[in-house]
Amino acid sequence: MAALSTSKNMLKVTTKLLSRRCFSTGRALAGQQMTVRDALNSALDEEMERDDRVFILGEEVAMYDGAYKVSRGLWKKYGDKRVIDTPITEMGFAGIAVGAAMNGLRPVCEFMTFNFSMQAIDQVINSAGKTFYMSAGEVNVPIVFRGPNGAAAGVAAQHSQCFGAWYSHCPGLKVISPFSSEDARGLLKAAIRDPDPVVFLENELLYGTPFEMSDEALSKDFVLPIGKAKIERPGQHLTLVSHSKAVDTCLEAAKLLASEGVECEVINLRSLRPLDMDTVLKSVSKTHRLITVEQGWPQSGIGAEICARVMESEVFFQLDAPAVRVTGADVPMPYTKSLEVAAIPLPPDVVRVAKKLLGLK
Amino acid sequence: MMSPTARLVVRRLNQRNQALAPFFTSTKSFATEASFETRPFKLHKLEEGPKTSVTVTRDEALKYYKQMLTIRRIETASGNLYKEKIIRGFCHLYSGQEACAVGMKAAMKPADAIISAYRIHGWTYLMGVPPLGVLAELTGRKSGCARGKGGSMHMYAPHFFGGNGIVGAQVPLGVGVAFASKYRGDDNVCFALYGDGAANQGQIFEVYNMAKLWNVPCIFVCENNGYGMGTSAERAAASTTYYTRGDYVPGIWVDGMDILAVREASRFAIEYCTSGKGPLVMETATYRYSGHSMSDPGTSYRTRDEIQEVRQNRDPIASFKEKIISTDLASADELKAIDAEVKKEVDEATRKAKSDSEIPMEELPADIYAAPLEEEVRNVAPWEPLRHKRIGSAVNLN
């Protein structure tokens, strides 16, 4: 009798686990995994096949197969016309990409890392971002700027900045910051099909990470809505909101807190502009506590924006504690390994802050 | 002013016309075309250049004359509106440079593209926007070609990609526009214009490289009016031979005050680019009578004598007018009639541009996105969101 009820419980738990894993993504089949890199690669391939106007340009995207191998195999398949190696001249090739988009093509412009996008930032913001508005809705710019963003490992200060706050600051741009392979696939496809300029912030450290993929996520027309967050893990005691690699940090922190009886709701923003405040506010009105977690710098960051919006909403009155931010330390990134590790929030940092908010030791 | 060859041609044409005169009811005898010699072109890395013997028909001449005059009048009206404080912010006038725009447009095919910086009121008109669309955009009213939301520096029309405020940024954009033409396999070119000041921008050299490397049909046009704001060319550039600055990109120097020379050089450039030879640089030597913008009197860095000298001896409209009259392409009266017609049109447009209303407040959050993902746009204060609207026709939607 006992054995039967145990296996019944096992079944219950397993089903619960499985359904939790595939919250809002459809059926998950055990064993269908895909790295973020492959997810991006397949998205690029499928969108290029679907629409002749889509082409890729950037440094090393063609013959080298991509500095991070994201565009592997595409030059071999599509040739010189559609996968173009550029000289190391960001301002020039970003401008060319924007002009091509103004004249009807659908470029995917890669910045080897978004640190180099600063050389071209005028073209991204002033040419791509503002032209539709300045032309009173005549000239839209269907371009995607993509590449790795934020901290990597051991690449020091000039190669480690997160540009989420800078780009999401600007009306006229759409800004995406995916976490999982499903995010990467669905959102890159959506970005390429979108008629507005999209800044697509990837993460180098996630490229090699495999994630479960549903059948739906692997289908050719799988598109995720830009501007909608995903609840990676439901919970009722505390809301953790983050984007990109920091989502992982939150999930790990959630595991640690779960062992002490604290159930965190982990929200993966997926997009930074628009910001899905509906999902955040709904969660906070349930949990009454909020921590935003990001790897970027604290001042004027993503967390600052989320907390400000919570303050301005009715949900403020639902808070049982101040909404706080966990962010990268306010320092340029050092090369020294132990210091680098200390400059970015780790799961124990989130746990420590959570316990303080909850009044726990 | 006319070369012996031109005079000979005109005499022959007149003789022929006189012989045929009894068969026409008109009592006037006009030449149907006239030929002229331009100043020699200077070439960089080119074996052959544009022809210096140019011909213009009567109809063409009248069209170009009217176009240049309209631009001049629009600019004069703009200057006055600015002084009345009805135009605000920036206002960069093209007066003196008319032959450049009209000459290039005369050579362009209907689907050739052009992009420039901010001295673009004349180009906007040439690319199909009536004077009212230009002037009302300057006064920020709803009849403006961008509903008043862009202003002086952000005007657009089919195949005209603005209107760009950041010096030099328009040149990579122009290469991109031409790149798209090449990608699609149509035989259209893009004229990417910049001034002698912008000519030192790094991004221009970046795209000289890519345009040449990839054989992009882009014609780089340096409109050298001698000054980048208040800094003369010689004080800003170690090399002022702008048509050679493309180095491995061949170049042509053109007398930018001669509309027929500009047209001829532009024709040559289009032919060159569309035959797959890649990009070309064209330097048009021209002059602006006004300061850099309306906030610059234009006299602290150059003498009034210099400005006067150009006005009196090299004005593009006056010299073309003289060409027309002296070769009997049209009479002085006929040109006067065109003057009156243009004045009337521009005066009327100016009147309307002054009295027209602005777009309503609901359009503040309009057309931020072609495919908006949120209905609400944050206002100056919380709790009072604006609502995004879509009004324009978004040429690159699907």
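For the structure given in this document, a descriptive report is provided here. (Residues numbered from 1 in each chain as written. Chains lettered and ligands numbered in written order. Predicted model: local features only at pLDDT ≥ 70, side-chain atom pairs only at ≥ 80, totals over all residues. Heavy atoms only, no water.)

**Examining the overall build of chain B**
Along its length, chain B carries twelve helices and twelve strands. Considered along the principal axes of its C-alpha atoms, chain B spans approximately 80 × 50 × 50 Å. The buried share among the 398 residues of chain B stands at 56%. Once local pairs closer than 6 in sequence are excluded, the contacts in chain B between residues at least 24 apart make up 71%. Carbon and sulfur atoms form 53% of the exposed surface of chain B, whose accessible area is close to 17200 Å². Put simply, chain B has 49 plus and 46 minus side-chain charges, and the middle of one group is 2 Å from the middle of the other. (Helix = DSSP H or I, 4+ residues; strand = E, 2+ residues; numbered from the N terminus. Buried < 20%, exposed > 50% of the residue type's maximum accessible area, 1.4 Å probe, protein only. Contact = heavy atoms within 4.5 Å. Areas by Shrake-Rupley, 256 points an atom, 1.4 Å probe, with all protein chains shown as cover. Lys, Arg positive; Asp, Glu negative; His and termini not counted. Charge placed at Lys NZ, Arg CZ, Asp CG, Glu CD.)

**Overview of the nonpolar core**
Grouped together as the largest cluster of nonpolar side chains are 80 residues, with contacts concentrated most on Phe145 and Ile306 of chain A together with Phe179, Tyr194 and Phe220 of chain B. Counting 74 residues, the second largest nonpolar core, distinct from the first, contains Tyr65, Ile87, Leu280 and Met282 of chain B. (Core = buried A, V, L, I, M, F, W, Y, C linked by side-chain atoms within 4.5 Å.)

**A closer look at the pairing of strand β3 (residues 53-57) of chain B**
Residue and element names in this part refer to chain B. Side chains Val54 and Val56 of β3 all project onto a buried face; the interleaved residues Ser53, Thr55 and Thr57 project onto a face where none is buried. Here strand β1 (residues 33-37) pairs with β3 via five bridges, running antiparallel. Within β3, the residue paired with glutamate 33 across the bridge is threonine 57. (Pairing = 2+ DSSP bridges.)

**A closer look at the packing of aromatic side chains**
If you walk through the whole model with that rule in mind, you get 18 aromatic pairs over all chains. On the basis of an interplanar angle of 80 degrees and a centroid distance of 5.1 Å, the ring pair of phenylalanine 316 of chain A and phenylalanine 317 of chain A is categorised as edge-to-face. Relative to tyrosine 208 of chain B, the ring of phenylalanine 205 of chain B has its centre 5.3 Å away and its plane inclined at 85 degrees; by these criteria the two rings are edge-to-face. With phenylalanine 205 of chain B and tyrosine 208 of chain B both in helix α7 (residues 202-213) and three residues apart, the pair spans about one turn of that helix. According to the relative accessible area criterion, phenylalanine 205 of chain B is partly exposed, its value standing at 30%. One aromatic cluster is present, formed by Phe93, Phe111, Phe114, Phe145, Phe163, Trp166 and Tyr167 of chain A through successive ring pairs. (Phe/Tyr/Trp six-rings, centres within 6.5 Å; stacked < 30°, edge-to-face > 60°.)

**Thoughts on the sheet that holds strand β7 (residues 198-202) of chain A**
Residues and elements named next belong to chain A. Read across the open sheet, the seven strands follow the order β3-β2-β4-β5-β7-β6-β12; overall the sheet is mixed. Pairing within the sheet leaves two strands with one partner each, and these edge strands are β3 (83-85) and β12 (271-273). Strand-to-strand twist in this sheet, taken as the mean axis angle between neighbours without regard to direction, amounts to 20 degrees. Strand direction decides the pairing type here: strand β2 (residues 54-58) and β3, joined by three bridges, are parallel. Paired with leucine 57 across the two strands is isoleucine 84, which belongs to β3. (Axes fitted to C-alpha atoms, helices over the stretch in contact; angles between N-to-C directions.)

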